Number of protein chains: 2
Amino acid sequence: MRVVHPAQAKGKKIVIVIGGGFGGLNTALALAEKSDVFVILIDQRNHHLFQPLLYQVATAGLNPGDIALPIRAEFSDISNVEVHLGTVERIDLKERVVYGSDIEIEFDFLVLACGAQHSYFGHPEWEPYAPGLKTLEQATEIRRRILTAFEEAENELDSEKQNSLLNFVVVGGGATGVELAGAIADIARTVIVDDFKRIDPERARVILIEAGSRLLAAFDPELSDRTREDLEELGVEVRLNSRVEKIDETGVRVGTDFIPSRSVFWGAGVAARRLDFSGANVELDRSGRIVVGRDLALPGFANVFCIGDQAAVPWKDGMIVPGLAPAAIQEGKHVASQILAVISNRKRRDFSYLDKGMMATIGKNRAVMQAGGIKMSGFIAWQAWLFVHIFYLIGFRNRVSVMSQWVWNYLFSKRGARLITERDWRLVKSQAAMASTPSPGGGRAPSS
Amino acid sequence: MRVVHPAQAKGKKIVIVIGGGFGGLNTALALAEKSDVFVILIDQRNHHLFQPLLYQVATAGLNPGDIALPIRAEFSDISNVEVHLGTVERIDLKERVVYGSDIEIEFDFLVLACGAQHSYFGHPEWEPYAPGLKTLEQATEIRRRILTAFEEAENELDSEKQNSLLNFVVVGGGATGVELAGAIADIARTVIVDDFKRIDPERARVILIEAGSRLLAAFDPELSDRTREDLEELGVEVRLNSRVEKIDETGVRVGTDFIPSRSVFWGAGVAARRLDFSGANVELDRSGRIVVGRDLALPGFANVFCIGDQAAVPWKDGMIVPGLAPAAIQEGKHVASQILAVISNRKRRDFSYLDKGMMATIGKNRAVMQAGGIKMSGFIAWQAWLFVHIFYLIGFRNRVSVMSQWVWNYLFSKRGARLITERDWRLVKSQAAMASTPSPGGGRAPSS
């Protein structure tokens, strides 16, 4: 059906924002209660995700609910923003219509903020054996695999099989890979160490594989080296200049070397989301990002903007703006101001990125960061990282519980969210159902 | 393989406890560091669940991590208790061997604490359309269905379809059904009410169906009536003496009446877990509970005990001990003391149940409770309920965050854990994968 929105009748300009990440959320918030516009925010998920802490969910440090926020809750008191849970199938830029699975909306302005996802470099068949870390489901799946590996190792009597169960391989030496590898090593060495009585978690090997010549390529080389040293001190084996040739259920082949592992995680390539523009000429860069002008608009479509990880935004020295939360937030606010400028016939301004720097944690109490000329590492950098992230979490209603968990974890090296939940609720029930049949072999230990 | 446990060599008695619920957990804790015994606690899940608050997870009040505790964490400092994550396939009571999926252990004492599950009265085909509430996965599935129903109703233009999306049916007027129905009505009226702009959540109907003549049959009739009145005040339609004839994807048939609904939840019959006893003569009652003697041992097997929801424990006036957490805890401690008595040739004692009463919440700030002769209802009962449950939660490491969320929810009527997560992480990814192919129709709104 074609949704002719009531707000249109009221002569308001319809702004459609696709994506409830940092970019889209902040665009909509910056347009809140602006009398000239009515905003429709579309996302296929009902929650905004604080992605910088997603690896903490994957390593049982935080609950999914601690880093996710219902998008609706952000706008419940805002009269001119409507949240739509659904998928977008096609966009007609000329006719100015967004076609969704169950909607069809005309827009005056469109903001694309669809983000990015992991790319398997043309090997989608690797994905089942090496989940990425972009969604809550992937995070809990990684958590399930890590914890299950230790449980199975505890039961395993064959020492070779036990070793392969205790091999954890992280592919990709970017921030995601570094933080995930550090956190896994941290769990194995400090958190789980007491829980198992037959295996020595110290035997757990964490291997970080990077195709390039250094970790955190976006950072200063000096910090790349420091990161490698810190990870190695945590017991992580860092393999640079190593290319993954194959991943299957038995393990990973790196060059000529084979690493037996049941726990491989993907933090490598990133590709922007792609949308169907009904054949319109939209320029994409090598990573599938939409090339936009300095005003963040699509060339030829002045009323269509693209921001965040989905956009290739020109910066300095031919570089593009890095795919970081602060950048997406700044871009979202800029686009909102541009839309209001156009409506009131004011002049468009170019977007200028205020570089707030980059940071990455290494294990429990170390980090590296650089902002402008400043470089920091070690404990001080970690404290800065902690401060910045808790600062961002303000606005998240559960910051109380997040912070109390941080403190708790930090003081007692605990991992509270150490839950193995099944992928499918029916799986659990079906075991129960079997248990309820008294026939031989049907018995099961209980779910507590 | 046959595990001959090192502890056996040391001449310790092997105690196998099956089930990490209230009964099994407390049996093992009561045997902690007792020099004569070595305990192997087997569960198919890695976490102990605080089931009395499971309905809070189903209604987005709490995170799964808030009411679940890694079983291993409880015993990490205890030298004579080993936790085994696995399933039990068969038990040979005469040979005293437990056969698991990957183990085979001889025991000197066996404690069965496998709990119960929902029974569909011979209609397992109803389960996919009416999940029960016994596991975390079921709770998050119910949460997913409730929140998705509101989202779909918001998008639905056909008012008849919209109505059926806003019909929530709870089957079973016991504590689970009453608490779930009250909480759903509470969400619809207070929590979600602001979040949706096209539908009026007040239109949400919550229907509680009970086959018997009153709610909470285990309680005093006076409290049953009070419960019905309180629920009806919350807007719940209570249907007594109503039998469910059929449940499918379109709704529920109750007698001759059909209720269109996509959100049916099951809180009705309970059946004890069943195990395969290799043909040994183990007496079960109508609900599949194992009939035990006053010492909680199986007739004919003095070294085998059964406790908690899996056991039919004789009480007074021909009644059996009710399936409540306090009962399971008392039984667990009693069995532990009996095992130690037998080992040191002391006399066995019968179990005597100290009735701590029963309670059930109705919506956000009402409850009913009875203990001995005392009956309470309304706000005072709710405060008592809150106190008791927070008291129990002590020992759960995350009581801080639980309590802070309680306070938060109570003050602001928020539901923080309002997340719709997909059943399968691969489902989410596969949408992303499709989105990454630029072919027409492949477009998707992002996961934020």
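So, unusual backbone geometry: which residues are in play, and what are the values?
Phi at N241 of chain A takes a positive value of approximately 50°, unusual for a residue other than glycine. Positionally, N241 of chain A belongs in the loop between β13 (236-239) and β14 (244-248). Positive phi values are uncommon outside glycine, yet D317 of chain B reaches one of about 45°. Turning to its location among the elements, D317 of chain B is positioned in the loop between β22 (311-312) and α10 (325-343).

So, the packing of aromatic side chains: which residues are in play, and what are the values?
Evaluated as defined, the whole model comprises 16 aromatic pairs over all chains. Consider the rings of F22 of chain B and F50 of chain B, whose centres lie 5.9 Å apart with planes at 70°: the pair is edge-to-face. With F22 of chain B in helix α2 (residues 22-30) and F50 of chain B in the loop between β3 (47-49) and α3 (54-58), this pair connects stretches of sequence that are 28 residues apart. The same class applies to F22 of chain B as to F50 of chain B, namely buried. When the centroid spacing of 4.7 Å and the interplanar angle of 25° are considered together, the rings of Y120 of chain B and W266 of chain B count as stacked. On the criterion of sequence distance, the pair formed by Y120 of chain B in the loop between β10 (116-118) and α6 (136-155) and W266 of chain B in strand β17 (residues 263-266) is long-range, its members being 146 residues apart. We classify W266 of chain B as buried; its relative accessible area is 2%. Over the ring of Y99 of chain A we find R90 of chain A; its NZ or CZ atom is 4.1 Å from the centre of that ring.

Can you tell me about the sheet that holds strand β16 (residues 257-260) of chain B, naming the residues and giving the values?
The strands making up a sheet associate through hydrogen bonds between their backbones, and the pairing can be parallel or antiparallel. Residue and element names in this part refer to chain B. Strand order in this open sheet of three strands is β14-β15-β16, and the pairing throughout is antiparallel. Across the chains shown, the open sheet's two edge strands, defined by having one partner strand only, are β14 (244-248) and β16. Neighbour-to-neighbour, the strand axes of the sheet open up by a mean angle of 15°, direction not taken into account. Examined bridge by bridge, β14 and strand β15 (residues 251-254) share four bridges and lie antiparallel to one another. Looking at β15, one finds that V244 is bridged to V254.

Account for the environment of V238 of chain A, naming residues and giving values.
Residues and elements named next belong to chain A. Mapped onto the secondary structure, V238 falls in strand β13. By relative accessible area, V238 is classed as buried at 14%. Those residues in contact with V238 that sit more than four places away from it in its chain are L208, L215, R228, L231 and E232.

Mind laying out the environment of E237 of chain B, listing which residues take part and the relevant values?
All names here are of chain B. Within the secondary structure, E237 is located in strand β13 (residues 236-239). Residues E237 and A185 lie 52 residues apart in sequence; the distance between their C-alpha atoms is 10.0 Å. Of note is the side chain of E237, whose polar atom sits 2.7 Å from the side chain of R205.

So, the packing of α2 of chain B against α10 of chain B: which residues are in play, and what are the values?
Residue and element names in this part refer to chain B. Remark: α2 packs on α10, axes separated minimally by 7 Å, with the N-to-C direction vectors making an angle of 35°. Considering how the two elements wind past one another, α2 and α10 form a crossing that is right-handed. Across from F22, G23, N26, T27 and A30 in α2, the residues of α10 making contact are A325, A328, I329, G332, K333, V335 and A336. In terms of residue class, the contact of α2 with α10 is built from seven nonpolar, four polar and one charged.

I'd like a rundown of the sheet that holds strand β1 (residues 13-18) of chain B, residues and numbers included.
Residue and element names in this part refer to chain B. Ordered in space as β5-β2-β1-β9-β21-β20, the six strands form an open sheet in which the pairing is mixed. Since the sheet does not close on itself, it has two edges, and those belong to β5 (81-85) and β20 (297-298), each with one partner. One ladder, built from six bridges, connects β1 with strand β2 (residues 37-43); its direction is parallel. Residue pairing across strands places I14 opposite F38, the latter belonging to β2.

Talk me through the pairing of strand β9 (residues 109-112) of chain B; I want residue IDs and the actual numbers.
Residue and element names in this part refer to chain B. Neither face of β9 is open: one carries F109 and V111, the other L110 and L112, and all of them are buried. Inspection of the sheet shows β9 paired to strand β21 (residues 301-306) by three bridges, in the parallel sense. Paired with L112 across the bridge in β21 is C306.

Reading guide: rules and limits
- Along each chain, residues carry numbers from 1 onward, in the same order as the chain's sequence is written.
- All chains are assigned letters beginning with A, and all ligands numbers beginning with 1, in the order in which they are written.
- Confidence filtering applies because this is a predicted model: local features only for residues at pLDDT of at least 70, side-chain atom pairs given and counted only at 80 or more, and all residues used for totals across whole chains, interfaces and linings.
- Working from all heavy atoms in the structure, the side-chain values ignore hydrogens and water.
- By the criteria applied, helices consist of DSSP H or I runs no shorter than four residues and strands consist of E runs no shorter than two, each listed in order from the N terminus.
- Aromatic rings from Phe, Tyr and Trp, taking only the six-membered ring of Trp, are treated as a pair when their centres fall within 6.5 Å; an angle between ring planes under 30 degrees marks them as stacked, one over 60 as edge-to-face, and anything in between as tilted.
- Using a 1.4 Å probe on the protein chains alone, a residue whose accessible area is under 20% of its type maximum counts as buried, one over 50% counts as exposed, and one in between counts as partly exposed.
- Only when the NZ of Lys or the CZ of Arg is both within 6 Å of the ring centre and within 35 degrees of the ring normal is a charge said to sit over the ring.
- When DSSP finds at least two bridges between two strands, those strands are taken to pair.
- The angle between two axes is taken between their N-to-C directions and runs from 0 to 180 degrees, where each axis is a line fitted to C-alpha atoms and a helix contributes only its stretch in contact.
- Residue contacts are counted whenever heavy atoms from the two residues lie within 4.5 Å of one another.
- Any N or O atom pair separated by 3.5 Å or less is treated as a polar contact, with the protein-specific requirement of one donor-capable and one acceptor-capable atom, and with residues adjacent in sequence counted only for side-chain atom pairs.
- Each crossing gets its hand from how the near helix is turned against the far one by less than a right angle, where anticlockwise is left-handed and clockwise is right-handed.
- Gly counts as polar in this scheme, as do all residues outside two lists: the nonpolar Ala, Val, Leu, Ile, Met, Phe, Trp, Tyr, Cys and Pro, and the charged Asp, Glu, Lys and Arg.

By themselves these figures say nothing about function.
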